[in-house]
Amino acid sequence: MLRNADQNIYLIRECSQENGANHWKDTFQQISIIARTKIEFAIDRNLLEKIKRIPAGRNIFELDFFFTPAQMREKNNRPYFIYLLLMIDQESEFILKHEVMNPSEGLEKMMGKIPGLLIAELGKLKTLPSEIHIHSDRLNDLLAPMMNELPVRILLKRNLKKLEMVKEGVMEFFMNRR
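Peer 1: Lay out the nonpolar core with the relevant residues and their values.
Peer 2: Of all hydrophobic cores here, the largest spans 31 residues; its most connected members are Phe 65, Ile 114, Leu 118, Leu 122, Ile 132, Leu 143 and Met 147. Looking at this core, the elements that each hand over two or more residues are helix H1 (45-52), strand E4 (60-72), strand E5 (80-89), helix H2 (107-111), helix H3 (114-122), strand E7 (131-134) and helix H4 (137-147). Leaving out residues up to four positions away in the same chain, Phe 65 has contacts with Tyr 83, Leu 84, Leu 85, Met 101, Met 110, Met 111, Ile 114 and Leu 139. Judged by nonpolar contacts, the second largest core, of 12 residues, contains Leu 84, Ile 88, Val 170 and Phe 174.

Peer 1: Can you tell me about H3, naming the residues and giving the values?
Peer 2: Counting buried residues in H3 gives 7 out of 9 residues, a clear majority hidden from the surface. Along H3, the residues that are buried comprise Ile 114, Pro 115, Leu 117, Leu 118, Ile 119, Glu 121 and Leu 122.

Peer 1: Quick one: what's the story with the side chain of Thr 27, residue by residue and with numbers?
Peer 2: Considering the arrangement of structural elements, one finds Thr 27 in strand E3 (residues 21-30). Within the structure, Thr 27 has its side chain in polar contact with the side chain of Gln 29 (distance 2.9 Å). Other than its neighbours up to four places away in sequence, Thr 27 contacts Tyr 10, Leu 11, Ile 12 and Glu 14.

Criteria and cut-off values
Residues numbered from 1 in each chain as written. Predicted model: local features only at pLDDT ≥ 70, side-chain atom pairs only at ≥ 80, totals over all residues. Heavy atoms only, no water. Core = buried A, V, L, I, M, F, W, Y, C linked by side-chain atoms within 4.5 Å. Buried < 20%, exposed > 50% of the residue type's maximum accessible area, 1.4 Å probe, protein only. Helix = DSSP H or I, 4+ residues; strand = E, 2+ residues; numbered from the N terminus. Contact = heavy atoms within 4.5 Å. Polar contact = N/O pair within 3.5 Å; in protein donor to acceptor, adjacent residues only side chain to side chain.

Shape descriptors only; they carry no functional weight alone.
This is the structure:
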């Protein structure tokens, strides 16, 4: 329960044990809200200029970046759970890009690779999509400045129905590998 939005004061329920019994105590506490860190990334400006000259078509792509239950282990390193960058054509559901990503260096560093991966993929096309749909505010913040330079609209959508179907298949594959 929020008591004072301006000061970030919230009702906190604390549990403690006395003589084997749980006792609950309600307190109002100020909670520090951690600001999103700015993600640094570099893109190939020459490639971006080349992409600006590619005509836009009518295709719509769906793009997402998500955590998976798949575990990887590289030689002499700790195992980690992978993230997957997935881009599909909305009409055909064809997977245009899939990239297994390693979070070992930190989420910000890993996410900083996404704009370059997207630009590299768009640079391979004969026609650009008219739109790329995403549903993550974080991806929008990351990609919007770069996409504003291209004839491709990036749209934040509540649901990515086609991508979710593909994602379910990917997740099922990972779960059956265990």
